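Take a look at the letters that make up each chain.
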Amino acid sequence: MDGKLSKKSGSFINQSNSQLNSNKTPALKAVPHTRHYVESYGYNFIEHHVATPDGFILTLERVQTKNHKVSKGPVILMHGLFQSSGVFVTSGANSLAFFLAEQGYDVWLANNRCVFTSYPHLVFSANDSELWEWSLDDLARFDFPTIVQFVFENGVPKGTVAAYFDSMSKEYRTTEFSVEDRRIVFIGHSQGNAQAFHGLNFDPSIGDKIKCLVALAPAVYLGNLLSDIWKHKNSYFQFTPRPTSSRAIFHWAQSARAGVIVPFFDQSFKAGDLDLLRSSDSIFDAKKINCPFMLFSGGKDAIVNGDKLAKTCYDTLSDAKNGGRVRMVHTRRIEKYEHLDFLWARDAQQLVFEEIRDELEKL
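Residues numbered from 1 in each chain as written. Predicted model: local features only at pLDDT ≥ 70, side-chain atom pairs only at ≥ 80, totals over all residues. Heavy atoms only, no water.

*Asks:* I keep staring at the pattern of salt bridges and nothing clicks. Help me out?
*Replies:* Side chains that differ in sign of charge can pair as their charged atoms come close. Overall, the coordinates contain 13 salt bridges when judged by the stated rule. The partner of Arg62 in a salt bridge is Asp106, and the shortest N-O contact between them spans 2.6 Å. Of the two residues, Arg62 sits in strand S2 (residues 57-64) while Asp106 sits in strand S4 (residues 106-110), which places them 44 residues apart along the sequence. Exposure class is identical for Arg62 and Asp106. Each is buried. (Salt bridge = Lys/Arg side-chain N within 4 Å of Asp/Glu carboxyl O. Helix = DSSP H or I, 4+ residues; strand = E, 2+ residues; numbered from the N terminus. Buried < 20%, exposed > 50% of the residue type's maximum accessible area, 1.4 Å probe, protein only.)

Structure (structure tokens):
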């Protein structure tokens, strides 16, 4: 792999003197840069790049506390359709990425292909049509396993001693990581969990590296993809919408017609062939999800149908003929929540983040 891509572009040295103040959320200028929010709230930001087997360059952003105290292993946060990693850092001090870092997790913010188009591919540029010939299938076959493998290999194992710069004392210090379990907690919102479920169906062995898959607004069974969800603060939309491919949009439209995620059909496929669409094998097979998983759904979320997914899992779990091998460890339905509330609601920390933390402690 090209040295520019495999080399970590960040370091343990953080030049920002900003400190996190839990009693007061600073008013930040809304800008489309994840680093801006991470460092402004007093965390270290380290950027990595990795290439997928089909040549796309993915950006991963690591968030850690100033003292690099990591005790609970790696967690990946994966954004949804039209979004980027920035959605996990724009709720002030209560952002999901910061909450998890404070709990001792090694937080990795992941970005799918073409979210950033300045250097998107080993061969193609943003102006090449070949760059945009991909669908959800490709996010599942290539992006998802590439991200999981990279974090699994680059997470810091127990006993590693690392140096970092303490901006308060202006001295270099060392800390020992105490992580015993290198398996990954994968938290995906909407499309972010759809590509994980889809990817595990393609290759269930990926589940061996995942401690738990947490699905926020699980996007397997679908509703109205055009529901009104644009009701949030300006800073949120510095990261929404981000680029995606027309093929990916077409794939979601096909799945919406069927009511469930289905394999991608060539774009010559006609909308009238709905019977063929529905008769195709569903992407989701609960028996292939061989890692523990949690589902968090919203009662006012018209875009996805989390209740149907939970029922499918319960039915599979209770069906002795199918082996009953489903590792759904927790479900939660929040009646008042819409599709984006799992990320940005004022009470998301109390209703979602803390519950995720508590359930993970039981595993």
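Next comes the rest of the write-up.
*Asks:* Looking at this structure, I do not really get a nonpolar patch on the surface. What am I missing?
*Replies:* Judged by side-chain polarity, Tyr119, Leu122 and Val123 come together as a nonpolar surface patch covering roughly 290 Å² of accessible area. Classification of Val123 by relative accessible area gives exposed; the value is 64%. (Patch = residues over 30% accessible without salt bridge, like charges linked within 9 Å, V, L, I, M, F, W, Y side chains within 5 Å. Areas by Shrake-Rupley, 256 points an atom, 1.4 Å probe, with all protein chains shown as cover.)

*Asks:* Explain the nonpolar core here, please?
*Replies:* The nonpolar side chains of a soluble globular protein tend to be buried with one another. Counting 54 residues, the largest nonpolar core has Leu77, Leu100, Val107, Ile187, Val214, Leu216 and Val352 as the members making the most contacts within it. Among the elements that line this core, the one with the most residues is helix H3 (residues 96-102), at six residues. Every residue in contact with Val107, bar those within four places of it in the chain, is listed here: Glu61, Arg62, Val63, Val75, Leu77, Ala97, Leu100 and Ala101. (Core = buried A, V, L, I, M, F, W, Y, C linked by side-chain atoms within 4.5 Å. Contact = heavy atoms within 4.5 Å.)

*Asks:* Would you explain the packing of aromatic side chains in this entry?
*Replies:* Geometry of an aromatic ring pair is reported as the spacing of the ring centres plus the angle between the planes. A complete count under the given rule lists seven aromatic pairs for this structure. Measuring from centroid to centroid gives 6.0 Å for Trp108 and Phe150, while their planes differ by 80°, and the two rings are edge-to-face. On the criterion of sequence distance, the pair formed by Trp108 in strand S4 and Phe150 in helix H4 (residues 136-154) is long-range, its members being 42 residues apart. The burial state of Trp108 is the same as that of Phe150; both residues are buried. Judged by centre distance (6.0 Å) and plane angle (85°), the ring pair of Phe197 and Phe293 falls under edge-to-face. Placement of the pair is Phe197 in helix H5 (residues 191-202) and Phe293 in strand S9 (residues 293-298), with a sequence separation of 96 residues. A single burial state applies to Phe197 and to Phe293, both of which are buried. Above the face of the Phe56 ring, Arg113 is positioned so that its terminal group lies 4.0 Å from the ring centre. The ring of Phe152 has Arg182 lying over it, and the distance from NZ or CZ to the ring centre is 5.3 Å. (Phe/Tyr/Trp six-rings, centres within 6.5 Å; stacked < 30°, edge-to-face > 60°. Lys NZ or Arg CZ within 6 Å of the ring centre and 35° of its normal.)

*Asks:* I tried to follow helix H10 (residues 348-361) on my own but got confused; where do I start?
*Replies:* The first and last C-alpha atoms of H10 sit 19 Å apart over 14 residues, in line with the 20 Å expected at 1.5 Å per residue. Taken as a whole, H10 carries its principal kink of about 25° at Glu354. Turning to H10, its buried residues number three or more, namely Ala348, Gln349, Val352, Phe353, Glu355, Ile356, Glu359 and Leu360. Structurally, H10 contributes buried residues whose contacts are with H3, strand S7 (184-189), strand S8 (210-216), S9, strand S10 (328-334) and helix H9 (341-344). (Expected span 1.5 Å × (residues − 1). Bend = angle between axes of the 7 residues up to and from the residue.)

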